[in-house]
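Overview (structure and organization)
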Amino acid sequence: MNYVAQRLLTFPLILLGVSVLVFVSIRLIPGDAITAMLGTEAGLLTSEQRAVLARYFGIDQPIWSQYLTWFGGLFQGDLGISVTFGRPVLSVILDHFPLTLELALLSMLIALSAGVPLGVLAATRNERTSDLVVRVLAMLGQSTPSFVLGLLIIYFLSVVFGVVPTMGTFTPLTVDPLASLGQLVFPAITLGFAFAASVTRISRSAMLDVLGDDYIRTARSKGASARSVVWTHALPNALIPVVTLSGVEFGYLLGGAVIVEQIFALPGLGRLVLNAITQRDYALVQGSVLFVAFNFLVVNLLVDLIYVALDPRIRLGKR
Amino acid sequence: MTASPLLRVRDLRVGFGRQPAANEVLKGVSFELAAGETLAVVGESGSGKSVMALSVNRLVDFGGGRITGGGIELCRRDGSILDVTGATEHDLRHVRGRDIGMIFQEPMTSLNPVHTIGRQIEEAFRLNRGITGGAARAAAREVLERVRIPDAKTRLDYFPHQLSGGMRQRVMIAMALASSPRLLIADEPTTALDVTVQAQIMALLAELRAETGMAMIFITHDIGLVAGIADRILVMQAGLAVEQGETTRLLDHPEHDYTRHLLKAVPHFSAGQATRKDGKRDGAALPIVKVEGLVVRFPVGTGLFRPKGAVHAVDGVGFDLLPGETLAIVGESGSGKSTIARAILGLIEKTRGRVTAGAGHTRRPIQMVFQDPFASLNPRLDVESLLAEPAVANRQRRDAGVRDRMRLLLDRVGLPQDALSRYPHQFSGGQRQRLCIARALMLNPDVVVLDEAVSALDVSVQARVLELLIDLQREFGLAYLFISHDMAVVERISHRVAVMYAGEIVEIGDAAAVLSSPQHSYTRRLIAAVPSVDRRHRHFAVDATQVPSLVRPAGYEPAAARWREAGNDHRVRLEADA
């Protein structure tokens, strides 16, 4: 696994770039932590008070010095202290991450288990009614904003069925699996709907391509059944684009789903980062963006490894 | 023959599209095939021969075809007669594989890339004989040995991309044989293969047919190829069977004009008897292109800092080309023919060696024509822009002079003047290749490199393009570097021949001398493998010689070549064990 080692070696470089970018861009936004915290009352501070506070937050130093201090901490696993939470950034992130991870996995499960079979069905029934129905559904899924779907789901759950999903807090999977899944299933459907629509479209077109390939004709000439032609001969060849798409989408989901978290009042990574930005909680923003970037890199590496498992012609490092 | 033949096809019509009856590709074909008999179906592209083959097991349904009339009756193993045209998909599934096996033209794409070949062959056994598990694996190994795949046991775990084209075609045959079909349909099974590999596959098919007693429908565009294997021949043109009959009768006394035309158009290889007599080498002329010690290597296997080895694509190649002369470079795929062409044009980097172009009459003395006329013309440009391209690339303006030259060349290559405003898709394959030739002549070159330039064309079109090339050569005093794997075509156009094997020239000299008395063992093997109508009674021995690997460790240098003169302008490389 020479390739994996090589890729892992590039991680620190990419993360270094990401950290500089975040560090600078968050400071380019007008306003600072003091104003964000005190609001209009910040105007009442004397310059001495302001200087004391600035020293406390470490924002009195020049930007490069701030960066070096923060960067030095990284090597000791110290991402800094969150101003809003008053706790180490890493522990705040790790508190919020399980929800995001579970939500992302659940959404992907829904997307793949609905999208791939629907795409395959549409491809094999090309241009017939069921294909058209699937295509319309997919178009709808891709064009419906998640807040519309989320609000509809909440409306039907609470008003029609009288069920209110738990909001505000999160029950981790390890504490009570059933309650945890029950809490996330509707947000996951909301997220998974658009995801499934993309998966459907891409599996349909990939399957259509593959079904026209010569080896499919060979399989048929051997007397293989329609089912075997589709599932064992065609599908493995059509999965590469599906994996690519799922990898990218999953990577995004691991960065948190701001809108859906907001609608269902879930304490996930998305809202954490959003609040950190509005509060100018510099350490928390830097820490979470770095964390999200790292996840993205890991997902990409996994996608590469899945390619190899799917197609024997693909060799790592030679694409 | 017996009362009920194995297969009876009556007035078969097949159409495509939304209104199949209005878009018929097959317009009424009838024939009968007795058990154990071999029928060759011959025709040019678009004649409907493949559609006919795919209709027999109704695979044509999956390509959008519908049988619009006529009938196909198949006598099954138990003696019952199945009406294939009316059969359900369920019945057909048991016909495919069990009664009718099939092999296809493209061995490169006809095997599933994500499954091992073992798994694909085992599937055939499972589907048609109900053999599973260890027994299926043993059976797969046995059938691989039957198609002469060396080291069959390990090869079972190979994926298709790890095998050569010839090997893959053997795997396809093994898969078709798994069910011991009573009818094998072979749709251009050797077209994509080299001649020596083609000879191996043909010999294998003939042997297996004798062993199993299966009937065969052999589809091909090459009437010379089937002469040795077919009992009967059916000639197709534009969806109709224009003539059918017993092989010897049809070849010796063709009745239909089209059959005669086809037989005449097929390039006959006559072992150096039919080489050109015009434009012989003139000792006084200076070479227009001189290649000395050309070496091209491609690094393989990335070590940490430097490659672990190299593919020795071309090694120590040298020759010269005089004005007005054709030098053919022959050899099989992977022998380095095209690499030489690209190196001469500077399209790839030389590792070592020198290519010198003599003082020609333009700045760009060498131009090129490629194999695939469909892929080498930009579909978005009209002919005028296509022809202007070389001039524009050479910083000329698209002025009246350039347009005059376009018109002159269009006329010379036999295309109408109004072609200028048309687009490539409005031309046939042969016309497109004429366009490519015209484009290559735009800058008035001294040398044209023709890389398999007629290989993708139908035989009758091929014959006309060859004549055109010879005429143009005389008119413009062109020198051709003619790269081809087809010995019959080479014989017709070349003055001199260079034979390439594994990156090296093994024999070079006057075309008549090399083709009539080949000296090197490889040249002999190559010439013996050429199929021809005249030599149809010869039997090929199954020969499984493989081309040696060209991958060498880093720093490897081959021993210097030693040559021997075999006559006036005929040099042969000494073989290692000679």
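Parameters and conventions
- Every chain is numbered on its own, with residues counted from 1 as its sequence reads.
- Each chain is given a letter, starting from A, and each ligand a number, starting from 1, according to the order in which they appear as written.
- The model is predicted, so local features are restricted to residues of pLDDT at least 70 and side-chain atom pairs to those at 80 or more, both for listing and for counting; the totals for chains, interfaces and linings are taken over all residues.
- Each side-chain value is derived from all of the structure's non-hydrogen atoms; neither hydrogens nor water enter the calculation.
- A run of H or I in DSSP counts as a helix once it spans at least four residues, and a run of E counts as a strand once it spans at least two, with each numbered from the N terminus.
- Taken over C-alpha atoms, the radius of gyration is set against a globule rule of 2.2 Å times the number of residues to the power 0.38.
- Think of it in three bands: residues with accessible area under 20% of the maximum for their type are buried, residues over 50% are exposed, and the middle band is partly exposed, with areas taken using a 1.4 Å probe on protein chains only.
- Note on contacts: a residue pair is in contact if any heavy atoms of the two residues lie within 4.5 Å.
- Computed with the Shrake-Rupley method and a 1.4 Å probe, the accessible areas treat only the protein chains shown as cover for residues.
- His is not counted here, nor are the chain ends, while Lys and Arg score as positive and Asp and Glu score as negative.
- Note that the charge is assigned to NZ on lysines, CZ on arginines, CG on aspartates and CD on glutamates.
- Accessible-area loss on putting two parts together, using a 1.4 Å probe and summing over both, is the definition of buried area adopted here.
- Salt bridges, as used here, are contacts in which a Lys or Arg side-chain nitrogen is within 4 Å of a carboxyl oxygen on Asp or Glu.
- Expected span of a helix, by definition, is 1.5 Å for each gap between consecutive residues, and there is one gap fewer than residues.
- Any two strands with at least two DSSP-identified bridges between them are counted as paired.
- Interaxial angles span 0 to 180 degrees and are taken between N-to-C directions of axes, which are lines fitted to C-alpha atoms, for helices over the stretch in contact.
- Domain ranges listed in this record stem from an automatic or a database domain assignment.
- A 3.5 Å cut-off defines polar contacts: any pair of N or O atoms within that distance qualifies, except that in protein one atom must be a possible hydrogen donor and the other a possible acceptor, and neighbouring residues in sequence count only when both atoms are side-chain atoms.
- Joining through side-chain atoms within 4.5 Å is the link that ties buried Ala, Val, Leu, Ile, Met, Phe, Trp, Tyr and Cys residues into a set, and such a set is a nonpolar core.
- The directions considered for the arc are those from the helix axis to the C-beta atoms.
- As a per-residue measure, pLDDT reflects the predictor's confidence and takes values from 0 up to 100.

What to know about the overall build of chain B
The number of helices and strands found in chain B is 18 helices and 22 strands. Against the globule reference of 25 Å for 578 residues, chain B gives a C-alpha radius of gyration of 26 Å, in line with a compact fold. Taken over the C-alpha atoms alone, chain B extends approximately 75 × 55 × 50 Å along its principal axes. Of all 578 residues assigned to chain B, the portion counted as buried reaches 54%. Looking at chain B alone, contacts between residues at least 24 apart form 71% of all its contacts between residues at least 6 apart. Carbon together with sulfur atoms contributes 50% to the accessible area of chain B, which is approximately 24200 Å² in total. For chain B, the distance from the average site of its 71 positive side-chain charges to the average site of its 66 negative ones is 4 Å.

Here's the deal with the interface of chain A and chain B
Contacts between chain A and chain B engage 21 residues on the former and 28 residues on the latter. Interface of chain A and chain B: buried area, both sides summed, is about 2100 Å²; carbon and sulfur atoms make up 57% of it. Our count for the contact surface shared by chain A and chain B stands at one salt bridge.

Digging into helix α4 (residues 63-74) of chain A
All names here are of chain A. Counted at 1.5 Å a residue, the expected span for α4 with its twelve residues is 16 Å, and the 17 Å between its end C-alpha atoms agrees. Among the residues of α4, those classed as buried are S65, Q66, Y67, W70 and G73. Of the surrounding elements, those touching the buried residues of α4 are α1 (2-28) and α13 (282-310).

Description of the sheet that holds strand β15 (residues 366-369) of chain B
Residue and element names in this part refer to chain B. A sheet is described by the order of its strands in space; here eight strands give the open sequence β15-β16-β17-β13-β18-β19-β22-β21, paired in mixed fashion. The sheet is open, and its two edges are formed by β15 and β21 (563-567), each paired on a single side. On average, each strand axis in the sheet is tilted by 20° relative to the strand beside it, whichever way the strands run. Bridge count between strand β18 (residues 496-501) and strand β19 (residues 504-510): six bridges; the pairing is antiparallel. Opposite V499, over in β19, you have E507 as the bridge partner. Sheet contacts for helix α11 (residues 337-345): β13 (326-330), β15, β16 (447-451), β17 (479-484) and β18; angle to β15, the most-contacted strand, approximately 145°. Across the sheet, helix α15 (residues 459-476) lies against β13, β16 and β17, angled at about 155° from β17, the strand it touches most.

Looking at the domain arrangement of chain A
Residues and elements named next belong to chain A. Taken as a whole, chain A is organised into domain 1 (2-74) and domain 2 (90-310). The straight-line distance from the C-alpha centre of domain 1 to that of domain 2 is 33 Å. Facing 22 residues of domain 1, the contacting portion of domain 2 comprises 18 residues. Interface area for domain 1 against domain 2, summed over the two sides, is near 1800 Å², with a carbon-plus-sulfur share of 76%. Looking at the side of domain 1 facing domain 2, the largest losses of area belong to F11, L15 and I26, adding up to 29% of the total buried there. One can count one salt bridge joining domain 1 with domain 2. Across the pair D304 and R7 runs a salt bridge whose closest N-O atoms are separated by 2.6 Å. Applying the counting criterion to the domain 1 and domain 2 interface returns two residue pairs in polar contact (both at pLDDT 80 or more).

Digging into the nonpolar core
In this structure, L7, L144 and L183 of chain B are the most contacted members of the largest nonpolar core, which totals 88 residues. Dropping the residues within four chain positions of it, L144 of chain B is found in contact with I117, I121, I149, A152, L156, V171 and A174 of chain B. With 65 residues, the next largest nonpolar core counts L103, A219, L235 and I314 of chain A among its residues.

Let's talk about unusual backbone geometry
Most peptide bonds take the trans form, and the phi angle of most residues other than glycine is negative. All names here are of chain B. For A502, which is not glycine, the phi torsion reads 50° and is therefore positive. Of note, A502 is situated in the loop between β18 and β19. What makes A502 buried here is its relative accessible area of 15%. The backbone of D569 shows a phi angle near 50°, a positive value even though the residue is not glycine. Here D569 shows up in the loop between β21 and β22 (570-573).

Side note on the side chain of E37 of chain B
All names here are of chain B. When you line up the elements, E37 lands in the loop between β2 (24-33) and β3 (38-42). Within polar-contact distance, the side chain of E37 engages the side chain of R232 at 3.1 Å. Sequence-distant contacts of E37, that is, excluding residues within four places in its chain, are made with E32, A215, M216, D231 and R232.

What about helix α4 (residues 133-146) of chain B?
Residues and elements named next belong to chain B. For α4, which comprises 14 residues, the first-to-last C-alpha distance of 20 Å matches the rise-based estimate of 20 Å (1.5 Å per residue) to within 8%. Within the span of α4, buried status applies to A136, A139, A140, V143 and L144. Considered in projection along α4, the buried side chains sweep an arc of 140° and stay on one side of the axis. Residues of α4 that are exposed and point over 90 degrees away from its buried face: G134 and E142. As for α4, its buried residues are in contact with α3 (117-129), α5 (152-155) and α6 (165-177).

Let's talk about the confidence of the model for chain A
Summarising the model, chain A shows a mean pLDDT of 87, and 98% of its residues fall at 70 or more. Of all the helices and strands in chain A, helix α2 (residues 33-38) of chain A carries the lowest mean pLDDT, 72, while helix α5 (residues 89-124) of chain A carries the highest, 93.

A word on the pattern of salt bridges
Residue and element names in this part refer to chain B. Applying the stated criterion across every chain, the model contains 38 salt bridges over all chains. Across the pair R249 and E243 runs a salt bridge whose closest N-O atoms are separated by 3.0 Å. On the basis of relative accessible area, R249 is assigned to the partly exposed category, the value being 26%. Residue classification places E243 among the buried residues on the basis of a relative accessible area of 6%. For R412, the salt bridge identified is with D411, shortest N-O distance 3.2 Å. By sharing partners, the salt bridges in this structure join R8, R10, E32 and E73 into a single network.

What to know about the environment of A199 of chain B
All names here are of chain B. Here A199 shows up in helix α7 (residues 195-212). Owing to a relative accessible area of 11%, A199 belongs among the buried residues under this scheme. Note: C-alpha distance between A199 and L225 (26 residues apart in sequence) is 9.2 Å.

Structural notes on the environment of E557 of chain B
Residues and elements named next belong to chain B. Relative to the assigned elements, E557 resides in the loop between β20 (551-553) and β21. Separated by 242 residues in the primary sequence, E557 and D315 have C-alpha atoms spaced 9.3 Å apart. E557 has contacts with R297 and R352, leaving out every residue within four places of it along the chain.

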